[in-house]
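Residue-level listing of the chains:
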Amino acid sequence: MTPTPSAEAPKSADPPSTEAPAAELLPAFEDLIISTAGLGPLAIGVPPESNPGAAMIRWSPHECADMGDGDPGRWVTTYPGADGGYPTAVEVTDSGVVWIDVLQAGPRTAEGVGIGTDLATLQATYPNLVAGNPGPVSNVWWLSGPDGYLVFETQGDKDGLQPAGTPEQVILMRVLSPTADPDFATANSDWVAGGCL
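Residues numbered from 1 in each chain as written. Predicted model: local features only at pLDDT ≥ 70, side-chain atom pairs only at ≥ 80, totals over all residues. Heavy atoms only, no water.

For the protein chain, the count of helices and strands is 3 helices and 11 strands. When the elements of the protein chain are put in sequence order from the N terminus, they spell out α-β-β-β-β-β-β-β-α-β-β-β-β-α. Here the protein chain holds 197 residues, and the buried ones make up 38% of them. In the protein chain, once contacts between residues fewer than 6 apart in sequence are set aside, the share between residues at least 24 apart is 47%. Accessible area for the protein chain stands at about 11100 Å²; split by element, carbon and sulfur atoms hold 55% of it. (Helix = DSSP H or I, 4+ residues; strand = E, 2+ residues; numbered from the N terminus. Buried < 20%, exposed > 50% of the residue type's maximum accessible area, 1.4 Å probe, protein only. Contact = heavy atoms within 4.5 Å. Areas by Shrake-Rupley, 256 points an atom, 1.4 Å probe, with all protein chains shown as cover.)

Set out below in structure tokens:
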């Protein structure tokens, strides 16, 4: 028995795209786990072209163009930010992703520490936490691992930057490549990775 030919489906003017929209490739921001190895699939020390988290960052050629000094263009996150700011920042060199900052609440460590966690909980969760050089308005702490460093910047109500009575808490989390000096990076914590200088 020969099959009868079926009617051909009408052809559309544009072939369907096989690429998923970028938003579908991204894990939810609040589900990202930060560790000494990176932020979710974005791995520290791996170039963007081979990084499992490549969908989380993009090259923005016009970023910082209005600053006038240096070369414009920076790697930026593909996650939308609140109030026009980026929720993360990244620094990329020839050796790959070397610095990742988490600037807004959402991502947490596997143990549940994130922006807003108080210092007592941070220290209790990580008894091996190393204290960095305190800055003028914040303190820094870090953990080291085989893949890199995980840095926590904390701030309380000193110097009037937080409301009176605010306990010291995590305000920024940073992943650094294993070749970075966490004490240098944390002592210069007012510099945001990928920022326009």
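Further remarks concern the sheet that holds strand β6 (residues 88–93). Within the open sheet, the 6 strands sit side by side as β6-β7-β11-β10-β9-β8. Their pairing is antiparallel. In this open sheet, the two strands that pair with only one neighbour each are β6 and β8 (130–131). Sheet topology places β8 next to strand β9 (residues 139–144); 2 bridges connect them, and they run antiparallel. Paired with Val-130 across the two strands is Trp-142, which belongs to β9. (Pairing = 2+ DSSP bridges.)

Along the chain, Thr-109 turns up in the loop between β7 (96–102) and α2 (119–125). Those residues in contact with Thr-109 that lie beyond four places of it in its chain are Ile-33, Ile-34, Tyr-126, Leu-150 and Phe-152.

Moving on, we get to the packing of aromatic side chains. This model, assessed by the stated rule, comprises 3 aromatic pairs. Each ring, one from Phe-29 and one from Tyr-79, has its centre 5.4 Å from the other, and the planes form 55 degrees; the classification is tilted. Residue Phe-29 is found in the loop between α1 (22–25) and β1 (34–35), and its partner Tyr-79 is found in the loop between β5 (74–77) and β6; the two are separated by 50 residues along the sequence. Residue classification places Phe-29 among the buried residues on the basis of a relative accessible area of 12%. For Tyr-79, a relative accessible area of 7% gives the class buried. Considering the side-chain rings of Tyr-126 and Phe-152, the 5.9 Å spacing of their centres and the 25 degrees angle between planes classify their relative orientation as stacked. Of this pair, Tyr-126 sits in the loop between α2 and β8 while Phe-152 sits in strand β10 (residues 149–155), placing them 26 residues apart in sequence. Of the two residues, Tyr-126 and Phe-152, neither departs from the other in class, the shared state being buried. (Phe/Tyr/Trp six-rings, centres within 6.5 Å; stacked < 30°, edge-to-face > 60°.)

Attention now goes to the pairing of β6. Pairing analysis gives 6 bridges linking β6 to β7, with the strands arranged antiparallel. Bridge assignment links Val-92 to a residue of β7, and that residue is Val-97. Between β6 and the antiparallel strand that follows it, β7, lie 2 residues.

What follows deals with the pairing of strand β11 (residues 169–176). Of all 8 residues that make up β11, 7 are buried, and the element is covered over most of its length. Inspection of the sheet shows β7 paired to β11 by 4 bridges, in the antiparallel sense. Bridge pairing in β11 links Val-102 to Met-173. Pairing geometry for β10 and β11, over 7 bridges, is antiparallel. Within the sheet, the bridge partner assigned to Glu-153 lies in β11 and is Leu-172.

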